[in-house]
Structures are given as structure tokens and as C-alpha cells.
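Examination of the molecular architecture
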Amino acid sequence: MAKNSKIEWTNHTANLWWGCTKVHEGCDNCYALSFSKRIGNDIWGDDKPRRMVADVWDNLKTWQNNAKKANEIHRVFVASMMDIFEKSKDNMVDHKGNPIEGSTGILRDKFFNEVVPASPNLMFLLLTKRPSNINKMIPKEWLTNPPKNVMFGTSPVNTKTAKGLIKQLQKVNGYKFLSVEPQLENITNIDLTGIDWVIQGGESGHGKRPFDPDWGRTLRDICKERNVPYFFKQIDKKQEIPEDLKVRQYPKFFKSENELLIDYHFSVDAIQWITDYTSEVNVMKFNNLYSDLSFDEYVINDDALQLTEKIKNQNITFFEEYKSGFID
Ligand code: SF4
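Per an unreviewed UniProt entry, the protein chain carries the name Protein gp37 and comes from Flavobacterium aquaticum.

What follows is the structure, encoded as C-alpha cells:
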């Protein structure tokens, strides 16, 4: 699978523009700000312009075409150098800092109205520290009929921000995720109602604040208890991740239309349902069927064996790459 991003949980990263304003303590060491400063871009703060990104629109088209050719769903993180739900800015500059015409609101609308509907093979992960703006800024029809290729996410870093930001995110219709990074304290009480995915990690880079692996275990166990896929990203990118935190799960809807990702927890009825659909499915990926990891003690049961036989008899391509359910 093509991967243009160094971020572990995504294939690509798309920035519609560069620039932002700090929101909470998670922003204190914002790497996007430091990077922009280093290359001479003065684009952080409410009174500062935002920088246009020229090639993003062509890249988005290319990624959709490549994912379609591969018959896959590729994840696109929006974004690492901006916050898509920041209030619109009408003062924009080019990469040299020269003023140019444009508005971040227009770019955002173009992305929602043109790119999202034209990209069925891309799953857009829209991460914001301003979830209270989501419902005000998305197209009206998304309020009742959210697109299947968009996930809305927010970034809490401690108990206080978890409480406030998650409450706002829960008002949004559609798939939702949390990126708990850089986590700054243990979060023992977190409401995961309506949350489809949790990513967790400590801070990396210059001035990084400490992350205790036990904070990882706390959230990992809460996710397990609430049946929410959990992805541990990093301690600080330097320290080795402890074995029991090497858990990288993905939501099951990260799949293309003619793939069927099957969980091992199926009943005889489920097998019937699945086999009824096999004429439309040419690839099946098994999730947890043969898991040998310790996070959950899965065993192959009779139902699983029956389904395996049925599928083999129908000459369906049989993939075992999802066998652990935790994909590195
Ligand atoms: S919201 Fe994100 S991009 Fe904006 S200042 Fe905070 S960390 Fe940086």
C-alpha cells in the first residue's frame, strides 16, 4: 500500500493551508509552528496570515486514483500543519510570504463539497482541537447524512480537555476518533460513547514532556472494556514500546467496498449472512481468526472453522494478513 506519510496511523497527510493559533496545553510544543518558523513563515496566531499550499489538490486526486487502482481504502490525515475547523482567515500568503488572494473558508468548502464526494477510496481523518466548530462548518446535509469516508477527531491531552473536547465531538454525526497525543497526564475517566477509534501517544522532539507507559495501559484497558479499537503510537519515538502496549487496532470500516473484514466473533447466523453476500465480495480479510497475541485470548472455534471451509469452497481469495488484528 502506498504511504506518503511518516505518521504510523495514516497513509497520507494533506494540508489545505499552513498556519494556526494555539488552543490548549497540547499545543505548547507544536512542531508545525517550530517548523514554519524555521523556514521563515510567520503564520501562527490569530492576526497572522495563512500560507497557501499549491500541490495538495493534485495530490488528493492522485491518492484517490492510486487507491482505486489498488482496490483499497487509504487513510488521509487532515492535517499536520493546520486545523481545518479553525475560524476562516481571509489573509493568505504564498510560500515566500507575499500576500495573495484567498480564504481558508473557501478552501475548506472546496474540500468538503468537491474532494470528499470525489474520493470514495480515501478515508479522511479530520483532526481538530476545535470540535465545537465542526457542525457550524460542515455542509448542512452532513448533519443528518455524514459521508462514509470522513472521520472527525479531536485531541485531548489530559482529563480536563478530554471532558470538554469529547463532549463537543459527541455532538457530531458520523464516524469519530480521538488522538490522545501528546498525553500529559493519566486519564482514568473518559467517555467513549460514539467514539470509533482511539489513538494514543506521548510527546516527541525537543522539550518533550514525559509519558508514563501506565497511562497507555489505562487507556488500552478502557478501550478493550468498551470495545473501541485502540492504537498505541509511541512513548516518545526514542524509547522502545513495551510489548504489552504494541497494540495497533483499526476500525473495521477501513475497508474497500468489495472487501469484507470478518471478526472472529461470529455466530452461525452471521456466517449465513456473510456467505449470502459472497457473490459480491472477492476478497475477504480475517480479523482475529488466528490471533496469537496476548491482548485477547482468541481461539479458533467451530463457527470460524465452518466459515473458513465455506469460503475455501467458493474459491474466494483468502487473506490472513489481518490475522492478529493488531497491524504493525
Ligand atoms: S491546533 Fe495543532 S496545529 Fe494548531 S497550534 Fe495546536 S498543535 Fe499546532
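Further notes follow.
Turning our eyes to something else, we now look at the overall build of the protein chain. On a plain count of helices and strands, the protein chain comes out with 9 helices and 14 strands. When each of the 328 residues of the protein chain is scored for burial, the buried share is 53%. Residue pairs at least 24 apart in sequence account for 72% of intrachain contacts in the protein chain once pairs closer than 6 positions are excluded. Counting every atom, the protein chain has about 16,200 Å² of accessible surface; 48% of that belongs to carbon and sulfur.

All right, on to the side chain of Ser103 then. Mapped onto the elements, Ser103 comes out in the loop between β6 (99-100) and α3 (104-115). Judged by relative accessible area, Ser103 falls into the buried class, the value being 10%. A polar atom in the side chain of Ser103 sits 3.1 Å from the backbone nitrogen of Gly105. For Ser103, the residues in contact, after removing those within four places along its chain, are Lys89, Asp90 and Met92.

Each neighbour pair has its own omega, and for Val78 with Ala79 the value is 15°, a cis peptide bond. Residue position: Ala79 is located in the loop between β4 (74-78) and β5 (92-93). That bond from Glu181 to Pro182 is cis: its omega, -5°, falls within 30 degrees of zero. By secondary structure assignment, the location of Pro182 is in the loop between β9 (175-180) and β10 (197-201). The backbone of Asn227 sits at a positive phi, close to 65°, despite the residue not being glycine. With respect to the element layout, Asn227 can be found in the loop between α7 (213-226) and β11 (230-234). A relative accessible area of 71% places Asn227 in the exposed class.

A separate point is the site of the ligand. Neighbouring the ligand are Cys20, Thr21, Lys22, Cys27, Cys30, Trp44 and Lys129. Split by residue class, the shell around the ligand holds 4 nonpolar, 1 polar and 2 charged.

Here we take up the pattern of salt bridges. All chains considered together, the criterion is met by 15 salt bridges. The residue Arg130 makes a salt bridge to Asp83 at a minimum N-O spacing of 2.8 Å. With Arg130 in the loop between β7 (122-128) and α4 (134-137) and Asp83 in the loop between β4 and β5, the pair connects residues that are 47 residues apart, well separated along the chain. Judged by its relative accessible area of 4%, Asp83 is buried. What emerges from the salt-bridge pattern is a single network uniting Asp214, Arg217, Arg220, Asp221 and Asp244.

This part takes up the sheet that holds strand β3 (residues 50-52). By definition, the strands of a sheet pair up through backbone hydrogen bonds, in either a parallel or an antiparallel sense. Ordered by their spatial adjacency, 4 strands build an open sheet running β2-β3-β5-β6, and the pairing between neighbours is mixed. The two strands at the open ends of the sheet, each matched to only one other strand, are β2 (17-18) and β6. Pairing geometry for β2 and β3, over 2 bridges, is antiparallel. Residue pairing in the sheet places Trp18 in a bridge with Arg51 of β3.

Before going further, it helps to examine α3. Where α3 is concerned, the buried positions are Thr104, Gly105, Leu107, Arg108, Phe111, Phe112 and Val115. What you see down the axis of α3 is that its buried residues fit within an arc of 170°, all on one side. Every exposed residue of α3 that faces more than 90 degrees away from the buried side is listed here: Ile106 and Glu114.

Looking at the element boundaries, Ser155 is found in the loop between β8 (150-154) and α6 (159-169). The residues contacting Ser155, other than those within four sequence positions of it, are His24, Leu127, Thr128, Lys129, Leu165, Ser179 and Glu181.

What follows concerns the pairing of β11. Across the 5 residues that make up β11, a large majority, 5, are buried. Across 4 bridges, β10 lies against β11 in parallel orientation. Note on β11: the bridge partner recorded for Val198 is Tyr230.

Next up on the list: the packing of aromatic side chains. All chains considered together, the criterion is met by 16 aromatic pairs. Through successive ring pairs, a cluster of aromatic residues spans Trp9, Phe77, Phe177, Trp197, Phe231 and Tyr250. Note that Arg51 overlies the ring of Trp18, its terminal NZ or CZ placed 4.2 Å from the centroid. One Lys or Arg, Lys110, reaches over the ring of Trp57 and ends 4.5 Å from the middle of that ring.

A few words on the sheet that holds β10. In space, the 7 strands of this open sheet follow the order β1-β4-β7-β8-β9-β10-β11, with parallel pairing throughout. If you trace the sheet from one side to the other, it starts and ends with β1 (12-13) and β11, each paired once. With respect to the sheet, helix α2 (residues 56-69) is in contact with β1, β4 and β7, its orientation differing from that of β7 by roughly 135°.

Thresholds, definitions, all that
- Numbering of residues starts from 1 in each chain and follows the order in which that chain's sequence is written.
- It should be noted that, the model being predicted, local features are given only for residues of pLDDT at least 70 and side-chain atom pairs only at 80 or more, the latter also being counted only at that level, while totals for whole chains, interfaces and linings use all residues.
- Only heavy atoms go into the side-chain values, all of them from the structure, while hydrogens and water stay out.
- Secondary structure elements are taken from DSSP: a helix is a run of H or I of four residues or more, a strand is a run of E of two residues or more, and numbering for both begins at the N terminus.
- Note on classification: 1.4 Å probe, protein chains only; a residue is buried when its accessible area is under 20% of the maximum for its type, exposed when over 50%, partly exposed between these limits.
- The contact rule is simple, with two residues in contact once any of their heavy atoms fall within 4.5 Å.
- Accessible areas in this description were obtained via Shrake-Rupley with a 1.4 Å probe; residue shielding takes into account the shown protein chains only.
- Any N or O atom pair separated by 3.5 Å or less is treated as a polar contact, with the protein-specific requirement of one donor-capable and one acceptor-capable atom, and with residues adjacent in sequence counted only for side-chain atom pairs.
- Residues are counted as near a molecule or strand when any one of their heavy atoms sits within 4 Å of it.
- Under this grouping Gly is polar, as are all residues other than the nonpolar Ala, Val, Leu, Ile, Met, Phe, Trp, Tyr, Cys and Pro and the charged Asp, Glu, Lys and Arg.
- Every case where a carboxyl oxygen of Asp or Glu lies within 4 Å of a side-chain nitrogen of Lys or Arg is listed as a salt bridge.
- Here a strand pair is declared whenever DSSP counts at least two bridges between the two strands.
- Arc definition: directions from the helix axis to the C-beta atoms.
- The pairing test for Phe, Tyr and Trp rings, Trp by its six-membered ring, is centres within 6.5 Å, and the orientation test on the planes gives stacked under 30 degrees, edge-to-face over 60, and tilted for anything in between.
- Note on criteria: charge over ring means Lys NZ or Arg CZ within 6 Å of the ring centre, with the direction from the centre no more than 35 degrees off the ring normal.
- Axes, fitted as lines to C-alpha atoms, cover a helix only where it is in contact. Angles between the N-to-C directions of the axes lie from 0 to 180 degrees.

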